Amino acid sequence: MALACFFLFLYLATSPARSQTPAENINIAIVLPHNNTNYAWAWPRVGPAIQLAIERINGDERLLKDCQLTYKFKSCEVNGRCADSLGALHAVDLKLEDDPDLFVGPGCIYTSAPVARFANHWNLPLVTAGASAFGFSGTPDYNTVIRTGPVYTKPGHFAAHIHEIFNWTSRVVLVYLDIKTDDRPFFFLSEGIYATLNNEFANLSIVGRGIDKDKLDQADLIDIVHFIKDNARIAYLCFPLENFRQIMFYAHKEGMTRGDYVFFYLDLFAESLKVKSPTESDRPWKMNHSSEPILKEAFKSVMIITNRQPEEPEYFEFQEELRARAENLSSADLANTLVNFIAGCFYDGIMLYAIALNETLAAGGSKKDGLAICDKMKDRQFQGVTGLVSIDKNGDRDIDFSLWDMVDTETGKYEVVAHFLGVKKQIYWIPNVEIHWPSGSIPIDNPPCVFENDIAACNQATFSLLGIVALGAGLTLAIFGISSFLVYRKLKLEKDLASMMWRIRWEELQMGNSDKFRKSAGSRLTLSLRGSSYCSLLTTQGKYQLFAKTGYFKVLISLLSPVYLFTLWP
């Protein structure tokens, strides 16, 4: 009995004390767009995922046992767009009002930059699945930024592997639509690929060009095609699907879709491939227009790069729960697209923070030691709802990508031909699925003497060709000159002969005795055979007598001397 009372006393002494110990609040400050669901990180899209992550952490006794996660939300959206200054102001307000331990968001790049700098100054972690620009990576101003979503330098690693496999190491162009009044997603995606390719290939010539959205017209679209044609055979294009179709239409008109050129369309969320109807799924060229047959032919030269769709069962369960919550919490249409991948990345980001915080507290650290918590989030992997979450040393996630190609040219349907495994930095080619090359072979990125005419071999070849042309022209001119000279000489001699006063007409010349000639008329055509006579003449010394053929001209005896034609004609 005494022993039983002792254990009862011990239970009463310890259990109430534990139960009465208040849980330590972990305050989360969230700054995101509140309404515009065109942003993949808008609150109606990712809010249910963030709430679900907080609920699961709070309900897990093994994770942050004596802590309670709470959050407070403020919007960074004004008139449907992210406002740079508003995000920073609300971050300061949240810091002063709630003293947060973690910032979540913003997703917009220009809005994230000042908030991230504040978080770094306050030594607070900032977790986001947005802010994908190249400039956040490896910069001291953003040491506490953890990006669990797509980062724009990562597609560049995929592109670098493609270039290495196909030996495209000489020339490439990047063309993008620049929307300067918003978050400039096309610009920053192209910038990330440019930076990575430039870092990976020392001798790769990369030419980029941005087209202002407000000035984009038909002339600009045609100019883009000519720009690609004049600079490279491998092109990356980052445009809305409608503009990209127009570019490919004009590229086909220029004869650039027969296999000499390769066009990579950057569409990370696979918007061009999403299901519209059973006959239009995975057919980005299909638009129910008279130009559709031309586009189908043009798209045979197009490959599409997207984020890889997670295939784990946990992800599909998460999607179902996300859509169920969205029906009650928001008006967003969370169809089963890759845009929902961002919501899963926010979910995994909150879970990763909780794991790192739990380890920090277990090691005797503080929830305010942001750098220590971030160090535990970097260079680590864990299994999340979006698959294997791997964060590199810069705090950026290693993302998987997919490469799509028109494998079936009869139906025009696109299929995945390869995946890029971001963790392993390898390309996995889908078995029994091959890239369709319109020309039947892999195109060359830098054909000889097409773009680089200044190299010695091209100069030599060009000089030889010009020499041949010049020699032929010179010979032609020489022959013409000589012929003209001979004709001129002949005509001149004939003219000189015609102008000689001593020259008489043949009919005026009489042969034989003049008296006899008067009496008989002979044919003048046979005068050389008959009627002519020889006459003897004395030399000036009077010693020799010469005989010569003579004739009569106006009763005057005339000496006839033969003149050979070859002495007159050239």
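Residues numbered from 1 in each chain as written. Predicted model: local features only at pLDDT ≥ 70, side-chain atom pairs only at ≥ 80, totals over all residues. Heavy atoms only, no water.

Draft legend 1. Representation of the overall build of the chain within the structure. Per the secondary structure count, the chain includes 14 helices and 20 strands. Evaluated residue by residue, the chain yields a buried proportion of 45% over its 570 residues. Considering only residue pairs separated by 6 or more positions, the chain has 66% of its internal contacts joining residues 24 or more positions apart. Total accessible area on the chain stands at roughly 30,000 Å², and carbon and sulfur atoms take up 55% of it. (Helix = DSSP H or I, 4+ residues; strand = E, 2+ residues; numbered from the N terminus. Buried < 20%, exposed > 50% of the residue type's maximum accessible area, 1.4 Å probe, protein only. Contact = heavy atoms within 4.5 Å. Areas by Shrake-Rupley, 256 points an atom, 1.4 Å probe, with all protein chains shown as cover.)

Draft legend 2. A look at the state of the cysteines. By the definition in use, this model includes 1 disulfide. The disulfide that involves cysteine 82 links it to cysteine 108, with 1.8 Å between the sulfurs. Its S-S torsion of approximately 45° makes the covalent link between cysteine 82 and cysteine 108 right-handed. Here cysteine 82 is found in strand β4 (residues 81–82), whereas its partner cysteine 108 is found in the loop between β5 (102–104) and α4 (109–121), with 26 residues between them in sequence. The residues cysteine 82 and cysteine 108 share a single accessibility class, namely buried. (Disulfide = S-S within 2.5 Å.)

Draft legend 3. Focus on the pairing of strand β16 (residues 413–421). β16 sits mainly inside the fold: 7 of its 9 residues count as buried. Where strand β15 (residues 401–408) lies against β16, 7 bridges are found, and the strand directions are antiparallel. If you follow serine 402 over to β16, its bridge partner there is histidine 419. Count of turn residues in the β15/β16 antiparallel hairpin: 4 residues, of which glycine 412 carries a positive phi of about 75°. Bridging between β16 and strand β17 (residues 426–429) involves 4 bridges; their strand directions are antiparallel. Following the sheet pairing, alanine 418 is matched in β17 by tryptophan 429. In textbook terms, the turn of a hairpin is the stretch between consecutive antiparallel strands, and for β16 and β17 this stretch comprises 4 residues, one of which, lysine 425, has a positive phi near 55°. (Pairing = 2+ DSSP bridges.)

Draft legend 4. Here's a closer look at the confidence of the model for the chain. Across the chain, the average pLDDT comes to 85, with 80% of residues at or above 70. Scored below 50 in pLDDT, residues 1–20 shows 1 contact in the model against residues more than four places distant or in partner chains. Confidence over residues 517–531 falls short of pLDDT 50; this stretch has 15 contacts with residues more than four positions distant or in other chains. (pLDDT = per-residue confidence, 0-100.)

Draft legend 5. Region of interest: unusual backbone geometry. Omega for the peptide link from glycine 105 to proline 106 comes to -10°, which places this bond in the cis form. Relative to the helices and strands, proline 106 resides in the loop between β5 and α4. Positive phi, normally seen in glycine, also occurs at leucine 64, with a value near 50°. The topology assignment puts leucine 64 in the loop between α2 (43–58) and β2 (67–75). Phi at aspartate 99 is positive, roughly 50°, even though this residue is not glycine. Here aspartate 99 lies in the loop between α3 (84–98) and β5. Here aspartate 99 falls in the partly exposed class, since its relative accessible area comes to 35%.

Draft legend 6. Structural view of the environment of valine 115. In this structure, valine 115 sits in helix α4. The sequence separation of valine 115 and leucine 126 amounts to 11 residues, and the corresponding C-alpha distance is 8.6 Å. Setting aside its immediate chain neighbours within four residues, valine 115 contacts Gly87, Ala88, Ala91, Phe103, Pro106 and Leu126.

Draft legend 7. Summary view of the sheet that holds strand β12 (residues 302–307). In space, the 8 strands of this open sheet follow the order β9-β8-β10-β11-β12-β15-β16-β17, with mixed pairing throughout. Looking at which strands have only one partner, the edges of the open sheet turn out to be β9 (205–212) and β17. Pairwise comparison of adjacent strand axes, ignoring direction, gives a mean angle of 25° for this sheet. Alignment of β12 against β15, held across 5 bridges, turns out to be antiparallel. Within β15, the position partnered with isoleucine 305 by the bridge is leucine 403. (Axes fitted to C-alpha atoms, helices over the stretch in contact; angles between N-to-C directions.)

Draft legend 8. Representation of the pattern of salt bridges in the model. Counted according to the given criterion, the structure contains 24 salt bridges. Among the ionic pairs, aspartate 178 bridges to arginine 184, the shortest N-O distance being 2.8 Å. Considered together, aspartate 178 and arginine 184 belong to a single accessibility category, that of buried residues. In this structure, the salt-bridge partner of aspartate 398 is lysine 425, at a minimum N-O distance of 3.5 Å. Of this pair, aspartate 398 sits in the loop between β14 (387–391) and β15 while lysine 425 sits in the loop between β16 and β17, placing them 27 residues apart in sequence. Overall, the relative accessible area of 31% leaves lysine 425 in the partly exposed class. Several salt bridges share partner residues, and in doing so they unite Glu24, Lys95, Asp99, Asp101, Lys367 and Lys368 into one network. (Salt bridge = Lys/Arg side-chain N within 4 Å of Asp/Glu carboxyl O.)

Draft legend 9. Spatial organisation of the packing of aromatic side chains. Throughout the structure, instances matching the rule amount to 23 aromatic pairs. Ring geometry for tyrosine 315 against phenylalanine 316: centres 6.0 Å apart, planes inclined by 70°, an arrangement best described as edge-to-face. Of the residues examined, phenylalanine 316 reaches a relative accessible area of 37% and is grouped as partly exposed. The residue whose ring lies beneath arginine 184 is phenylalanine 187, and the NZ or CZ to ring-centre distance is 4.1 Å. Sitting over the ring of phenylalanine 227, arginine 209 keeps its end group 5.3 Å from the ring centre. (Phe/Tyr/Trp six-rings, centres within 6.5 Å; stacked < 30°, edge-to-face > 60°. Lys NZ or Arg CZ within 6 Å of the ring centre and 35° of its normal.)

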